[in-house]
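So you can see what is in the structure, the chains are spelled out below.
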Amino acid sequence: SILDDISSRFVKELLVRVSKKNYACSKIATLVISAGFTAVLSIFLFETIMCILCIVSGEMPTLNTDTLLLSIELMGKYFIFFAMWGLFGAILGTETDSKCVVYASPFILYYVLVIIKSRYLHTVDAIDPRLWCSGNSGVITVAVLLAVLCILGYAMIRRRLKVV
């Protein structure tokens, strides 16, 4: 992580070999890919376990193109969703120099948004993260947020590397 690289001063040795731009882009890309594939792997393992349980119970699971397309669509939506939350946590944690904030801040913001929606802003569906993966407009919202967070993360990493 960026915090480990800066605190161990490894980033000084690394920046001799790569540019600050490449370092920042690789950190953002690594975070987005690892967070997104966590969701994809979780969905794949769940579906695999469900198929195994169906076979063990004596039923043969039916796999058709509609089921497969729905599964791929779900994996794509949650890839973007997890990547957005992972990037949000990394940005906030790097800005505060705290690994605990990296892990906890996505959950806290998710919970706060759900509470605000359910208690105070009943009619505003745009702030409810539970609905962001339900339709195409929610996925577009998450994709835009992800793009904004990528730009913000890149700028923050470049700013942090100026003092190195």
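The coordinates are above.
This is a predicted model, so every value here is computed, not measured.

> Please explain the overall build of the protein as it appears in this structure.
When you go through the protein residue by residue, the secondary structure sums to 6 helices and 0 strands. In the protein, the order of α-helices and β-strands from amino to carboxyl end is α-α-α-α-α-α. Taking the principal axes of the C-alpha coordinates as reference, the protein spans close to 60 × 40 × 25 Å. Taken across its 164 residues, the protein has 30% of its residues classed as buried. Within the protein, counting contacts between residues at least 6 apart in sequence, those at least 24 apart form 69% of the total.

> Which parts of the structure should I look at to understand the packing of helix α3 (residues 20-56) against helix α4 (residues 65-96)?
Think of two packed helices as two axes; the pair is described by the angle between the axes and how far apart they sit. In the contact formed by α3 and α4, the axes pass within 7 Å of each other and the chain directions differ by 140°. What the angle tells us is that α3 and α4 run oblique. For α3 against α4, the interelement crossing comes out right-handed. On the side of α3, the interface is formed by I28, L31, V32, I33, A35, G36, F37, A39, V40, I43, F44 and E47, while α4 contributes S71, L74, M75, Y78, F79, F82, A83, G86, L87 and A90. For the contact of α3 with α4, the residue count by class is 18 nonpolar, 3 polar and 1 charged.

> Mind showing me how you'd approach the pattern of salt bridges here?
When charged atoms on two side chains of opposite charge get close, those side chains can pair. Following the criterion strictly, the structure yields 2 salt bridges and no others. Of the charged contacts in the structure, one is a salt bridge between E73 and K77, with a shortest N-O distance of 3.3 Å. Of the two residues, E73 and K77 both sit in helix α4, 4 residues apart, roughly one turn of that helix. Note on E73: relative accessible area 40%, which makes it partly exposed. Here E95 ties to R159 by a salt bridge, and the two come within 2.5 Å at their closest N and O atoms. Placement of E95 in helix α4 and of R159 in helix α6 (residues 136-161) is noted, with a sequence separation of 64 residues between them.

> I'm lost on a nonpolar patch on the surface in this one. Help?
A cluster of nonpolar side chains, L41, F44, L45, F46, I49, M50 and L53, forms an exposed patch at the surface whose accessible area comes to about 690 Å². For L45, the location among the structural elements is in helix α3.

> It is not clear to me how the packing of α3 against α6 should be interpreted in this structure. Could you clarify?
α6 packs onto α3 with a crossing angle of 140° between their chain directions and a minimal axis gap of 9 Å. Relative to α6, the element α3 lies oblique. For the element pair α3 and α6, the recorded crossing hand is right-handed. Facing α3, whose interface residues are K20, K21, Y23, A24, C25, K27, I28 and V32, α6 presents L146, C150, G153, Y154, I157, R158 and L161. By residue class, the composition of the contact of α3 with α6 is 10 nonpolar, 1 polar and 4 charged.

Conventions we followed
- Residues numbered from 1 in each chain as written.
- Predicted model: local features only at pLDDT ≥ 70, side-chain atom pairs only at ≥ 80, totals over all residues.
- Heavy atoms only, no water.
- Helix = DSSP H or I, 4+ residues; strand = E, 2+ residues; numbered from the N terminus.
- Buried < 20%, exposed > 50% of the residue type's maximum accessible area, 1.4 Å probe, protein only.
- Contact = heavy atoms within 4.5 Å.
- Axes fitted to C-alpha atoms, helices over the stretch in contact; angles between N-to-C directions.
- Parallel < 35°, antiparallel > 145°, perpendicular 65-115°, else oblique.
- Left-handed = near helix turned anticlockwise from the far one by under 90°.
- Nonpolar A, V, L, I, M, F, W, Y, C, P; charged D, E, K, R; others polar.
- Salt bridge = Lys/Arg side-chain N within 4 Å of Asp/Glu carboxyl O.
- Patch = residues over 30% accessible without salt bridge, like charges linked within 9 Å, V, L, I, M, F, W, Y side chains within 5 Å.
- Areas by Shrake-Rupley, 256 points an atom, 1.4 Å probe, with all protein chains shown as cover.

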